[in-house]
Amino acid sequence: MKRLIAYGLLLFGINSCSKGKGTIPDVNEPTKPADPVVEITKPGKQALVWVDAHSNVFGTYGKFSDKNEIVKILDILKDCGVTGLVVDVKPSTGYTMYQSAFAKEFVTQNGKTKPADYVDFVISEAKKRNLKVYLSIVTFVEGTTNGTIGHAADNADFKEKYESIVVKNVKGELGRISQTGKNTFVNPAQPVVQDRALDIIKELVSKFPLDGLILDYARYTDINADFSEFSKKEFIEFMRTKYNDSQAANMSFPTDIVTTWKETSGQLVPNITGKYYKQWLVYRATVIQGFFKKARQAVKAVKPNVDFGVYVGAWYSSYYQVGVNWASKEYDPFQDFNMRFDWAYPGYGETGYLEELDLLLTGNYFTQVKLSENTATASLKYHWWSIEGSLNGIEYITKNKKPIYGSLDVGNINYASKAEISRAIKYIMSRASGGVMLFDVVHMYGPQYNYLKQELFDAVKEG
């Protein structure tokens, strides 16, 4: 099999919300697509729509600060065939969209005010329409860009101890992530950070009649994090216990992990890696897996019937960069001689967390639907940068053990037409075992928030 080509991620937006590590460039524009084939969707599949808090409630063109508008939009979604919502209730500020014992309530921003009973109201109206409701939290982000707004900004001691320490530039200089102009990620390895997230998870599951809890941004910010003294200490202990390596205590940190850095498409990535780089990847994935075990237990201890899931980017070939292994524990990338992931190391396969989930939402954020639509991919089976190829890969590394929801970003991805959006939805519904997730409802009702500059409800309904 041909080796997979890992394309860089181009980070861009259009004054709206975006998910995951970033949107994906339209690499290798597809040739003229074949006529769409309408396939029968299996009974029981779901069509979920994400509701981002910032954009829908506080955004310039957001409508979810008005209860009448919420009702209208839910009616439209129901008519489109949507079966459920994923409602963001702890956005990147670290504040919550309800009164919490563990976080400040997010009430107003940019002249917009949240309805006092926002979460209760959305759930109630959704249930009236037989829509399922999954509540979502931005797990390891506690403040917006530049560190000026959010939980970390409000709590100096928390910020000082737990804000993620990152490599800031190609010189390898370390600093706080808020100094880089990005959202204030915190260090997932810190017990206090994990406990705060777990407290909010337990609160949500006990407080609301939800169908499921979805984690978002349950990861490191990127490959340049976290290089704090705490992470160094934890990694040295990990090397001693996992690999019986007592010499790691004498390492040069962080150059024995990444020796030099470079910038590619605006992203800071390793240029020359050190002798502990691959073990470092195993360590970070172990941290995230450990948290997922705790998070699942937290959900099930309160309400066993509530589903536990996560949103991740579908590009597994490079998702190791954010410290996440969403594959099955039965899949070992180090022993995969078909794909040959050169970053894999013995023990990495043990860090898979799929078995902790009830459902997996994967961001299949690509304009190319079928592999045959591009001569560069026509002979491939697994290709992480097309919808068909990524779904093939997802089924392969998850071994179909959990329901998979292929996801489309209908606003930040530059689809050629509404018909292409519909075609992509149809294909995912015909292939993904769980169904489809569409990001975001604001892109559907706000022409200002999508590339086509039109309402997209009709495209969603057709899909």
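Look up: the structure comes first, before these words.
Residues numbered from 1 in each chain as written. Predicted model: local features only at pLDDT ≥ 70, side-chain atom pairs only at ≥ 80, totals over all residues. Heavy atoms only, no water.

### Brief notes about the overall build of the chain
Along the backbone of the chain there are 13 helices and 14 strands. For a compact globule of 463 residues, the expected C-alpha radius of gyration is about 23 Å, and the chain comes in at 21 Å, within 12% of that figure. Referenced to the eigenvectors of the C-alpha coordinate spread, the extents of the chain come out at roughly 65 × 55 × 40 Å. Counting only residues that meet the buried cut, the chain has 60% of its 463 residues in that class. Long-range pairs, those at least 24 residues apart, make up 74% of the contacts in the chain between residues at least 6 apart in sequence. (Helix = DSSP H or I, 4+ residues; strand = E, 2+ residues; numbered from the N terminus. Rg over C-alpha atoms; globule rule 2.2 N^0.38 Å. Buried < 20%, exposed > 50% of the residue type's maximum accessible area, 1.4 Å probe, protein only. Contact = heavy atoms within 4.5 Å.)

### Describing the packing of helix α6 (residues 191-207) against helix α8 (residues 277-302)
Packing of α6 against α8 brings their axes to within 9 Å, and their N-to-C directions diverge by 25 degrees. For the element pair α6 / α8, the angle class is roughly parallel. Seen from above, α6 lies across α8 with right-handed handedness. Seen from α6, the contacting residues are Gln194, Ala197, Leu198, Ile201, Lys202, Val205 and Ser206; seen from α8, they are Val287, Phe291, Lys294, Ala295, Ala298, Val299 and Val302. Of the residues in the contact of α6 with α8, the class split is 10 nonpolar, two polar and two charged. (Axes fitted to C-alpha atoms, helices over the stretch in contact; angles between N-to-C directions. Parallel < 35°, antiparallel > 145°, perpendicular 65-115°, else oblique. Left-handed = near helix turned anticlockwise from the far one by under 90°. Nonpolar A, V, L, I, M, F, W, Y, C, P; charged D, E, K, R; others polar.)

### As for the pairing of strand β1 (residues 46-51)
Of all six residues in β1, six are buried; the element is thus mostly enclosed. Burial of β1 is two-sided: the residues Gln46, Leu48 and Trp50 facing one way and the residues Ala47, Val49 and Val51 facing the other way are all buried. Across four bridges, β1 lies against strand β14 (residues 435-439) in parallel orientation. Within the sheet, the bridge partner assigned to Ala47 lies in β14 and is Val436. In this sheet, strand β2 (residues 84-90) lies alongside β1 in parallel orientation, the contact comprising four bridges. (Pairing = 2+ DSSP bridges.)

### Section: the sheet that holds strand β12 (residues 359-363)
Pairing is parallel around the closed barrel formed by eight strands, whose spatial order is β1-β2-β5-β8-β11-β12-β13-β14. Shown here is a sheet whose adjacent strand axes are inclined to one another by a mean of 25 degrees, direction ignored. Relative to strand β5 (residues 132-138), β2 runs parallel, the two being bridged by six bridges. Bridged to Gly84 within β5 is Lys132. Along the sheet, α6 makes contact with β2, β5 and β8 (212-216), crossing β5 at roughly 160 degrees.

### Here we look at the environment of Gln99
Examined against the element boundaries, Gln99 turns out to sit in the loop between β2 and β3 (108-109). When its relative accessible area of 61% is taken as the criterion, Gln99 is described as exposed. A sequence separation of 20 residues divides Gln99 from Val119, and the C-alpha atoms of the two residues are 9.9 Å apart. Residues within four places of Gln99 in sequence aside, it is in contact with Glu105 and Lys207.

### Concerning the packing of helix α2 (residues 67-80) against helix α3 (residues 118-128)
When two helices pack together, their arrangement is given by the angle between the helix axes and by the axis-to-axis distance. Contact geometry for α2 and α3: axes closest at 10 Å, N-to-C directions at 30 degrees. The orientation of α2 with respect to α3, classified from their angle, is roughly parallel. Crossing of α2 over α3 shows right-handed handedness. Within the contact between the two elements, α2 uses Lys67, Ile70, Val71 and Leu74 and α3 uses Tyr118, Phe121, Val122, Glu125 and Ala126. Here the residues of the contact of α2 with α3 are counted per class, giving seven nonpolar, no polar and two charged.

### Focus: the packing of aromatic side chains
Tallying each qualifying case throughout the model produces 41 aromatic pairs. Taking the centre distance of 6.2 Å and the plane angle of 70 degrees together, the rings of Tyr316 and Tyr331 count as edge-to-face. Taken as a pair, Tyr316 in helix α9 (residues 316-319) and Tyr331 in the loop between α9 and β12 lie far apart in primary sequence, 15 residues in all. Classification of Tyr316 by relative accessible area gives buried; the value is 1%. In textbook terms, an aromatic cluster arises when at least three aromatic residues are bridged by ring pairs, as seen for Phe227, Phe235, Phe238, Tyr243, Phe253, Trp261, Tyr276, Trp280, Tyr283 and Tyr345. We note Arg284 situated over the ring of Tyr220; from NZ or CZ to the ring centre the distance is 4.7 Å. (Phe/Tyr/Trp six-rings, centres within 6.5 Å; stacked < 30°, edge-to-face > 60°. Lys NZ or Arg CZ within 6 Å of the ring centre and 35° of its normal.)

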